[in-house]
Amino acid sequence: AEVSFLAPFGGVFEISFEARDFMKELCKALKKQGGIAINIDYGYYKNEFANTLQAIKNHKKCDVLENVGEADLTALVDFMALEKIVKNCGLNSSLVSQRNFLKTLGIEERRKILLAKNPEKTDEINLSVDRLIDSNQMGELFKCLIVW
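Worth saying up front: this structure is predicted, and the values here are computed from it rather than measured. (Residues numbered from 1 in each chain as written. Predicted model: local features only at pLDDT ≥ 70, side-chain atom pairs only at ≥ 80, totals over all residues. Heavy atoms only, no water.)

## Here's the deal with the packing of helix H4 (residues 107-117) against helix H5 (residues 122-133)
Thinking step 1. Between H4 and H5, whose axes approach to 10 Å, the crossing angle comes to 170°. Between H4 and H5, the angle is such that the two are roughly antiparallel. Residues Ile107, Glu108, Arg111, Leu114 and Leu115 of H4 form the contact with H5, whose own contacting residues are Thr122, Ile125, Asn126, Val129, Asp130, Leu132 and Ile133.
Thinking step 2. Here the residues of the contact of H4 with H5 sort into seven nonpolar, two polar and three charged. (Axes fitted to C-alpha atoms, helices over the stretch in contact; angles between N-to-C directions. Helix = DSSP H or I, 4+ residues; strand = E, 2+ residues; numbered from the N terminus. Parallel < 35°, antiparallel > 145°, perpendicular 65-115°, else oblique. Contact = heavy atoms within 4.5 Å. Nonpolar A, V, L, I, M, F, W, Y, C, P; charged D, E, K, R; others polar.)

Structure, rendered in structure tokens:
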């Protein structure tokens, strides 16, 4: 029988035990108490087996070995792994881009209201909304995992 692996040779597999433990606890609480959880962070739908570890200082990426203790270390969230935990707990979930989430909630209508009430802030409002929903900014990089 032929054996195939999903990870390419040399691929990187990142796993966050803390994120998985958090999701299990969250699911337990939702099952016991009911409600809904909305988890928003930057991450991916499908593991590309790439190194996502990065350091951020003053809103800019920097070498992870530079500025030790002064830069924030971060990695992309594996939303597919978290969604599997949700399903294994018998709960429902929806995983969508931040763009789709905010557009569905009416961010464009909100933009129109803000622009009408604050014409002097047109550029600021448009830049802020576009940053949240633009595909080349936060719109597709950030994901929303909704659990109920």
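## With respect to the pattern of salt bridges
Thinking step 1. By the definition in use, this model includes five salt bridges.
Thinking step 2. Arg111 is paired through a salt bridge with Asp130; the nearest N and O atoms lie 2.9 Å apart. Taken as a pair, Arg111 in helix H4 and Asp130 in helix H5 lie far apart in primary sequence, 19 residues in all.
Thinking step 3. Judged by relative accessible area, Asp130 falls into the partly exposed class, the value being 29%. (Salt bridge = Lys/Arg side-chain N within 4 Å of Asp/Glu carboxyl O. Buried < 20%, exposed > 50% of the residue type's maximum accessible area, 1.4 Å probe, protein only.)

## Some points on the sheet that holds strand S5 (residues 77-78)
Thinking step 1. If you walk across this open sheet you meet the four strands as S5-S1-S7-S6, and the pairing is mixed. The strands lining the two open edges of the sheet, one partner per strand, are S5 and strand S6 (93-97).
Thinking step 2. Sheet topology places strand S1 (residues 37-44) next to S5; two bridges connect them, and they run parallel. The partner of Tyr44 across the bridge, within S5, is Asp78.
Thinking step 3. Running over the sheet, helix H1 (residues 17-33) touches S1, S5 and strand S7 (142-147) and is turned about 160° from S1.
Thinking step 4. The strands touched by helix H2 (residues 79-88) within the sheet are S1, S5, S6 and S7, with S6 carrying the most contacts at an inclination of about 160°. (Pairing = 2+ DSSP bridges.)

## So, the environment of Phe142
Thinking step 1. Relative to the helices and strands, Phe142 resides in strand S7.
Thinking step 2. A relative accessible area of 17% means that Phe142 is categorised as buried.
Thinking step 3. Between the C-alpha atom of Phe142 and that of Arg99, which follows or precedes it by 43 residues, the distance is 8.1 Å.
Thinking step 4. Excluding residues within four positions of it along the chain, Phe142 makes contact with Ile40, Asp41, Tyr42, Ser97 and Gln98.

## Some thoughts on the nonpolar core
Thinking step 1. Ranked by size, the top nonpolar core spans 14 residues in total, and within it Met23, Leu82, Leu145 and Val147 carry the most contacts.
Thinking step 2. Taken together, the elements giving at least two residues each to this core come down to H1, H2 and S7.
Thinking step 3. Residues in contact with Met23, not counting those within four places in the same chain, are Asn39, Leu82, Ile85, Val86 and Leu145. (Core = buried A, V, L, I, M, F, W, Y, C linked by side-chain atoms within 4.5 Å.)

## Some thoughts on the packing of aromatic side chains
Thinking step 1. Considering all chains together, one arrives at two aromatic pairs under this definition.
Thinking step 2. Relative to Phe142, the ring of Tyr42 lies with its centre 5.6 Å away and its plane at 55°, an arrangement referred to as tilted. Of this pair, Tyr42 sits in strand S1 while Phe142 sits in strand S7, and the two are 100 residues apart along the sequence. Each of the two residues, Tyr42 as well as Phe142, counts as buried. (Phe/Tyr/Trp six-rings, centres within 6.5 Å; stacked < 30°, edge-to-face > 60°.)

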